[in-house]
Amino acid sequence: MIRAMIVDDDALVRLGLADLLNGDQGIEVVAQAADGLQAIEQATAHRIDVALVDVRMPRMDGITATARLRALPHPPKVITLTTFDLDEYVYDALAAGADGFLLKDTDPAEILRAVHLVAAGSAMLHPTAARRLIDRYHATHQPQVTAAQARLERLTPRERDVLALLAQGDTNADIATRLAMRESTVKAHVSRILTALEVTNRVQAALVARDAGLTS
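Reading guide: rules and limits
- Residues numbered from 1 in each chain as written.
- Predicted model: local features only at pLDDT ≥ 70, side-chain atom pairs only at ≥ 80, totals over all residues.
- Heavy atoms only, no water.
- UniProt positions renumbered as here; feature names shortened; annotations may be inferred.
- Contact = heavy atoms within 4.5 Å.
- Axes fitted to C-alpha atoms, helices over the stretch in contact; angles between N-to-C directions.
- Helix = DSSP H or I, 4+ residues; strand = E, 2+ residues; numbered from the N terminus.
- Parallel < 35°, antiparallel > 145°, perpendicular 65-115°, else oblique.
- Left-handed = near helix turned anticlockwise from the far one by under 90°.
- Nonpolar A, V, L, I, M, F, W, Y, C, P; charged D, E, K, R; others polar.
- Expected span 1.5 Å × (residues − 1).
- Buried < 20%, exposed > 50% of the residue type's maximum accessible area, 1.4 Å probe, protein only.
- Polar contact = N/O pair within 3.5 Å; in protein donor to acceptor, adjacent residues only side chain to side chain.

Per an unreviewed UniProt entry, the recorded name for the protein chain is DNA-binding response regulator, and the organism is Streptomyces asoensis.

Dropping the structure here:
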């Protein structure tokens, strides 16, 4: 059972998401919070597997909350929620350790799928929003290009193949199929990639890949 937390200052949004998530037999909403400070309190009091966190909230915003949640002894995975008016804060949330982001008007079935994917260790980025966001806010300045390319030098050619597909948003199962590998082997490669690139999750690995020019 995936233990979820909803963090949003809009009570109606919390209610709607709670009804949606609790309707899935594999998900249980065990905590809700109206801002980042409450989210930290709830995540400390409860074991949370996945937190859905709004970006713009009073007292403590979603970016700060994401960083604080990921720094806990037993950190939950984080999915950032946004209305995406090309929200510049979302990239900051991803850099802070979020495992993906979704628009609040995402199809309910996709929200449930995202929770399951992130809980299993995959990333979930809204496909059209992801490209727009990264293109605009993750500028490829030469110093970070050089640094990213140096990190990629630590990878084997096979690990680069895995990273390229990971950066496109493929799941471990997708990568295993496309590269004719066992899924367990893919998982091992991903773990090694995260360590070699000095990142904490798949989203950050994808950003390094993009900086280095591995993906367009």
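A. Examining the UniProt feature "modified residue: 4-aspartylphosphate" (unreviewed entry) in the protein chain more closely. The UniProt entry lists D54 under the feature "modified residue: 4-aspartylphosphate" (unreviewed entry), expressed in the numbering used here. In contact with D54, other than residues within four places in its own chain, are V7, D8, D9, G62, L81 and K104.

B. Structural context of the packing of helix 2 (residues 36–45) against helix 3 (residues 62–70). Look at helix 2 against helix 3: their axes get within 9 Å of each other, and the N-to-C directions meet at 15°. Taken together, the axes of helix 2 and helix 3 lie roughly parallel to each other. Like other packed secondary-structure pairs, helix 2 and helix 3 cross with a definite hand, here right-handed. Residue-level contacts link G36, A39, I40 and A43 of helix 2 to A65, R68 and L69 of helix 3. Partitioning the contact of helix 2 with helix 3 into residue classes produces five nonpolar, one polar and one charged.

C. Region of interest: helix 5 (residues 108–119). The first and last C-alpha atoms of helix 5 sit 17 Å apart over 12 residues, in line with the 16 Å expected at 1.5 Å per residue. Of all the residues in helix 5, the buried ones are I111, L112, A114, V115, L117 and V118. Sitting at the amino-terminal end of helix 5 is D107, which places a side-chain oxygen 2.9 Å from the backbone nitrogen of A109. Positive phi shows up at G121, right after helix 5, with a value of about 105°.

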